[in-house]
Amino acid sequence: MNSIIKFFGIVLSLFYLNISFADIIDNYHFVSPIEAKRFDHLLSELRCVVCQNQNLAESHAPLAQDLKKEVYNQIRLGYSDTQIKNFLVNRYGEYILFKPNMNRITFVLWLGPVIFLVGSVAIVLISVRRQKKSHSAENS
Amino acid sequence: MIRLRFLLPLILFVTLVLFFWLSLGKDPNLLPSFFIDKPVPQFSARSLEDPSQLITNENLKGKISIVNVWATWCDGCQSEHPLLIDLINKPSVQVIGLNYKDKRVDALQYLSKMGNPYKYIIDDKEGKLAMQFGVYGTPETFLIDQNAIVRYCYVGPLTLDLIENDLLPRIAKLEKGSS
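A brief look at the structure comes next. Throughout this description, residue numbers start from 1 for each chain and increase along the sequence as written. Written order decides the labels, with chains lettered from A and ligands numbered from 1. Given that this is a predicted model, residues contribute local features only at a pLDDT of at least 70 and side-chain atom pairs are listed and counted only at 80 or more, while totals for whole chains, interfaces and linings are drawn from all residues. Think of the side-chain values as coming from all heavy atoms in the structure, minus any hydrogens and water.

1. Some points on the overall build of chain A
Right, so step 1: Numbering of helices and strands runs from the N terminus, with a helix taken as a DSSP run of H or I at least four residues long and a strand as a DSSP run of E at least two residues long. Looking only at helices and strands, chain A features five helices and two strands.
Right, so step 2: What you see in chain A, going N to C, is helices and strands ordered as α-β-β-α-α-α-α.
Right, so step 3: Counting only C-alpha atoms and orienting by the principal axes, one finds that chain A spans roughly 95 × 50 × 25 Å.
Right, so step 4: Type-normalised accessible area, obtained with a 1.4 Å probe on protein chains alone, sets the label of each residue: buried when under 20%, exposed when over 50%, and partly exposed for intermediate values. When the 140 residues of chain A are sorted by exposure, 27% land in the buried category.
Right, so step 5: Between two residues, a contact is recorded if the distance between any of their heavy atoms is within 4.5 Å. For chain A, the proportion of contacts with a sequence separation of at least 24, taken over those separated by at least 6, is 47%.
Right, so step 6: Where accessible areas are quoted, they stem from the Shrake-Rupley method and a 1.4 Å probe; at the residue level, only the protein chains shown are allowed to cover. Carbon and sulfur atoms make up 64% of the accessible area of chain A, which amounts to about 10,100 Å² in all.
Right, so step 7: Under this rule, positive means Lys or Arg and negative means Asp or Glu; His and the chain ends count for nothing. All charge positions are set by atom: Lys at NZ, Arg at CZ, Asp at CG, Glu at CD. Taken together, the 15 basic and 11 acidic charged side chains of chain A have centroids lying 9 Å from each other.

Quick look at the structure:
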């Protein structure tokens, strides 16, 4: 009895012994796990221009599938992440990146909230100081 | 000094209203074409009608081209189709179709039934050429000048209003520009 259990135990554990040299994401096979990670990462950074709140990994839109294939091909061909992003930005615009590049135009987009925050804090501080001054002026 | 403190929020508010006014008028789903005033990317594609024939940038030179991205599975394309047929029959303008991710048989059948406005039709079965143009929805229509520079891109089905009040004047301008 014991030896039968042991036997099946060994057989079962063999199922867990996977030596795979290929990383599979969906139907995309990569030989190197680095490429697979890059693919994953890029897809999450790229917006689906049809379903614009989803990234390329999530979207089922046919164009998203095409762009996924294009990204895959370019990774396999040896293009860098920057080159791939530039390829897409040249055709679809900065909007395809969830994190737009910093340039003259997106400058406002990136810094706007910061300026707003600093400005509002400054205004609050100034008005609080003014109130204090007028209070102390009244009290003295 | 008091006046400035009151004025500042008002100025900010007016600025915000201005931005909203300008942006809300636009369709947020539309992306501007990034090829405006840039030359058409180098391409070489098979003709839908005669697969042994190639259509390249050479076909664009010397004439004003309207490149219309369409497919038989796209409802909007069907609605604009009769307008394309009625579109100008000017000798200086040619209408080129880009059949996007479609079946050649279906496309040819559709054209023989509904009429063929296209001088050439590119067979873009896998959408690869359209991707070079940044196409993200059908139908899309590009206006390209005599030097193969993209001048205008419209996403969505063409309407009579758009053709008469937008497209035709632009074409007229391009025609004047060359002479």
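2. Brief notes about the environment of B:Leu84
All names here are of chain B.
Right, so step 1: By secondary structure assignment, the location of leucine 84 is in helix H2 (residues 75-86).
Right, so step 2: Counting along the chain gives eleven residues from leucine 84 to valine 95, while the straight-line C-alpha distance between them is 8.2 Å.
Right, so step 3: The contact partners of leucine 84, leaving out residues within four places of it in the chain, are Asn68, Val95, Pro117, Tyr118 and Leu158.

3. With respect to the pattern of salt bridges
Pairing between side chains of opposite charge can happen when their charged atoms approach one another.
Residue and element names in this part refer to chain B.
Right, so step 1: Should a side-chain nitrogen of Lys or Arg be within 4 Å of a carboxyl oxygen of Asp or Glu, the pair is scored as a salt bridge. Counted under the stated rule, the structure contains nine salt bridges over all chains.
Right, so step 2: With a closest N to O distance of 3.2 Å, lysine 128 and glutamate 126 form a salt bridge.
Right, so step 3: A relative accessible area of 47% places glutamate 126 in the partly exposed class.
Right, so step 4: Taken together, the salt bridges that share partners define one network made up of Asp37, Asp145 and Arg151.

4. Comments concerning the environment of A:Gly93
Right, so step 1: Structurally, the position occupied by A:Gly93 is in the loop between helix H4 (81-92) and helix H5 (106-139).
Right, so step 2: When the C-alpha positions of A:Gly93 and A:Val49 are compared, they lie 9.9 Å apart, and in sequence the two are 44 residues distant.
Right, so step 3: Those residues in contact with A:Gly93 that lie beyond four places of it in its chain are A:Leu88 and B:Phe34.

5. Re the sheet that holds strand S3 (residues 64-70) of chain B
Residues and elements named next belong to chain B.
Right, so step 1: Strands qualify as paired when DSSP identifies two bridges or more between them. Strands sit in the order S5-S4-S3-S6-S7 across an open sheet of five strands; the sheet is mixed. The two strands at the open ends of the sheet, each matched to only one other strand, are strand S5 (120-124) and strand S7 (150-155). Ignoring which end each strand starts from, the neighbouring axes of this sheet average 20° apart.
Right, so step 2: Pairing of strand S6 (residues 140-144) with S7 involves five bridges; the strand directions are antiparallel. When the sheet's bridge partners are listed, glutamate 140 is paired in S7 with valine 155.
Right, so step 3: Across the sheet, H2 is in contact with S3, strand S4 (93-100) and S6; its angle to S3 comes to roughly 155°.
Right, so step 4: Fitted lines through C-alpha atoms give the axes, limited to the stretch in contact for helices. The angle between two N-to-C directions lies from 0 to 180 degrees. Contacts between helix H3 (residues 104-114) and the sheet are confined to S3, S4 and S5, with S3 contributing the most and set at about 120° to the helix.

6. Remarks on a nonpolar patch on the surface
Right, so step 1: On the surface, A:Phe116, A:Ile123, B:Leu4, B:Leu7, B:Leu8, B:Leu10, B:Ile11, B:Leu12, B:Phe13, B:Val14 and B:Val17 cluster together into a nonpolar patch covering about 1,000 Å² of accessible area.
Right, so step 2: When residues of the nonpolar patch are traced back to their parent elements, those giving at least two are H5 of chain A together with helix H1 (2-24) of chain B.
Right, so step 3: The greatest single-element share of the nonpolar patch, amounting to nine residues, is contributed by H1(B).
Right, so step 4: With respect to the secondary-structure elements, B:Leu12 resides in helix H1. Patches in this entry comprise residues that are over 30% relatively accessible and not in a salt bridge; like charges within 9 Å are linked, as are nonpolar side chains (Val, Leu, Ile, Met, Phe, Trp, Tyr) within 5 Å.

7. A few points about the nonpolar core
Right, so step 1: Residue types Ala, Val, Leu, Ile, Met, Phe, Trp, Tyr and Cys, when buried and joined through side-chain atoms within 4.5 Å, form a set referred to as a nonpolar core. Formed by 49 residues in total, the largest nonpolar core has its most connected members in A:Tyr92, A:Ile96 and B:Phe142.
Right, so step 2: The greatest single-element share of this core, amounting to six residues, is contributed by helix H3 (residues 62-77) of chain A.
Right, so step 3: Those residues in contact with A:Ile96, other than ones at most four positions away along the chain, are A:Glu45, A:Leu46, A:Arg47, A:Val49, A:Leu67, A:Leu88 and A:Val89.
Right, so step 4: With 25 residues, the next largest nonpolar core counts B:Ile66, B:Tyr118, B:Ile121 and B:Leu158 among its residues.

8. Describing the side chain of B:Thr141
Residues and elements named next belong to chain B.
Right, so step 1: Structurally, threonine 141 can be placed in strand S6.
Right, so step 2: Overall, threonine 141 belongs to the buried group, its relative accessible area being 3%.
Right, so step 3: We call two N or O atoms a polar contact when they sit within 3.5 Å, provided that within protein one can donate a hydrogen and the other can accept it, with sequence-adjacent residues counted only if both atoms are side-chain atoms. At 3.1 Å, the side chain of threonine 141 forms a polar contact with the side chain of asparagine 68.
Right, so step 4: Those residues in contact with threonine 141 that lie beyond four places of it in its chain are Ile66, Val67, Asn68, Glu80, Tyr152, Cys153, Tyr154 and Leu158.

9. Points about the side chain of A:Arg91
Right, so step 1: Along the chain, A:Arg91 turns up in helix H4.
Right, so step 2: Nearest to the buried, unbridged A:Arg91 among oppositely charged side chains is A:Glu70, at 7.4 Å.
Right, so step 3: Within the structure, the side chain of A:Arg91 is placed 2.9 Å from the backbone oxygen of A:Phe87, a separation counted as a polar contact.
Right, so step 4: With residues near it in sequence (within four places) discarded, A:Arg91 still touches B:Phe34, B:Phe35, B:Met131, B:Gln132 and B:Gly134.

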